[in-house]
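Letter by letter, the chains look like this.
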Amino acid sequence: MMSLRIAGVVGESITDGPGYRYTVFVQGCHRHCEGCHNPSTWDPAGGREADVAAMLSEIRGNPLLRGVTISGGEPFEQAGALLEFARSIKELGLELALYSGSVFEELAADTTSDRYALLSLADVLVDGEFIMARRNLGLRFMGSENQRVIDVPASLREGRAVESRDERWI
Ligand code: SF4
């Protein structure tokens, strides 16, 4: 398995999607948005190496979990290293949500890429970078109004970004 660098995990998060979620904060993000909630996740050499097997066993051992969220940092900067973890989450029947500073259209552009492979495993993508001037503290699982909650299976079927109508998310 490729090594994965993470900033940390939260075992029972209620702020990264609906229900109790296991959230992985991936280390490394080149965007450096003004007002980023977590600049300590920027350095790709920072954080620590993830123990993916231990993470999976923690997830398997918690029947309260409704989903897993991979946030950052920028998950798609380590897409290849996340593939096996993401596949295991889907095998467990849990909802997989990904956050990205890139938009769906960029992530879906190259169907041969690891980024596309990772995207295709997701149920939900919260996309777009954080834009300080469009910050809205009233949004449930997003920071700024340019960001979208994307229904990934529907979007890949239709070949365009389809925004989620799932009331748990929006
Ligand atoms: S994309 Fe996210 S993690 Fe990266 S700098 Fe912007 S707000 Fe921070």
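This section reports on the structure supplied with the text. All values reported here derive from a predicted model rather than from experimental measurement.

1. With respect to a nonpolar patch on the surface
- Residues Ile14, Tyr20 and Leu64 make up a contiguous nonpolar surface patch of about 310 Å² in total accessible area.
- Within the secondary structure layout, Leu64 lies in the loop between α1 (52–60) and β4 (67–71).

2. Structural notes on the pairing of strand β6 (residues 124–127)
- Across the two faces of β6 the burial is the same, with Val124 and Val126 and Leu125 and Asp127 all buried.
- Pairing geometry for strand β5 (residues 95–100) and β6, over four bridges, is parallel. Pairing of Ser100 across the sheet is with Asp127, part of β6.

3. Examining the site of the ligand
- In the vicinity of the ligand, the residues found are Cys29, Arg31, His32, Cys33, Cys36, Trp42, Gly73 and Phe130.
- Using a 2 Å cut-off from the grid points, one finds that the ligand occupies the largest pocket.
- Split by residue class, the shell around the ligand holds five nonpolar, two polar and one charged.

4. Remarks on the packing of aromatic side chains
- Counting across every chain of the model gives one aromatic pair.
- Aromatic pair Phe141 and Trp169: ring centres 5.4 Å apart, planes at 70°, arrangement edge-to-face. Note that Phe141 is positioned in the loop between β6 and β7 (148–151) and Trp169 in the segment after α5 (152–158), a separation of 28 residues in sequence. Each member of the pair, Phe141 as well as Trp169, carries the same accessibility label: buried.

5. Overview of the pattern of salt bridges
- Enumeration according to the criterion identifies eight salt bridges in this entry.
- Members of the salt-bridge network, linked through shared partners, are Arg21, Glu95, Asp166 and Arg168.

6. Remarks on the sheet that holds β5
- Strand order in this open sheet of seven strands is β3-β1-β2-β4-β5-β6-β7, and the pairing throughout is mixed. The open sheet terminates on both sides in strands that have one partner only, identified here as β3 (48–49) and β7.
- Examined bridge by bridge, β4 and β5 share four bridges and lie parallel to one another. Looking at the pairing, Ile70 lines up with Leu98 of β5.
- Contacts between α1 and the sheet are confined to β1 (5–13), β2 (21–26) and β4, with β2 contributing the most and set at about 160° to the helix.

About the thresholds
Residues numbered from 1 in each chain as written. Predicted model: local features only at pLDDT ≥ 70, side-chain atom pairs only at ≥ 80, totals over all residues. Heavy atoms only, no water. Patch = residues over 30% accessible without salt bridge, like charges linked within 9 Å, V, L, I, M, F, W, Y side chains within 5 Å. Areas by Shrake-Rupley, 256 points an atom, 1.4 Å probe, with all protein chains shown as cover. Salt bridge = Lys/Arg side-chain N within 4 Å of Asp/Glu carboxyl O. Helix = DSSP H or I, 4+ residues; strand = E, 2+ residues; numbered from the N terminus. Buried < 20%, exposed > 50% of the residue type's maximum accessible area, 1.4 Å probe, protein only. Pairing = 2+ DSSP bridges. Near = heavy atom within 4 Å. 1 Å grid on protein atoms, 1.4 Å probe; cavity = no way out; pocket = protein on both sides within 12 Å on 5 of 7 lines; lining within 4 Å. Sits in = over half its atoms within 2 Å of the grid points. Nonpolar A, V, L, I, M, F, W, Y, C, P; charged D, E, K, R; others polar. Phe/Tyr/Trp six-rings, centres within 6.5 Å; stacked < 30°, edge-to-face > 60°. Contact = heavy atoms within 4.5 Å. Axes fitted to C-alpha atoms, helices over the stretch in contact; angles between N-to-C directions.

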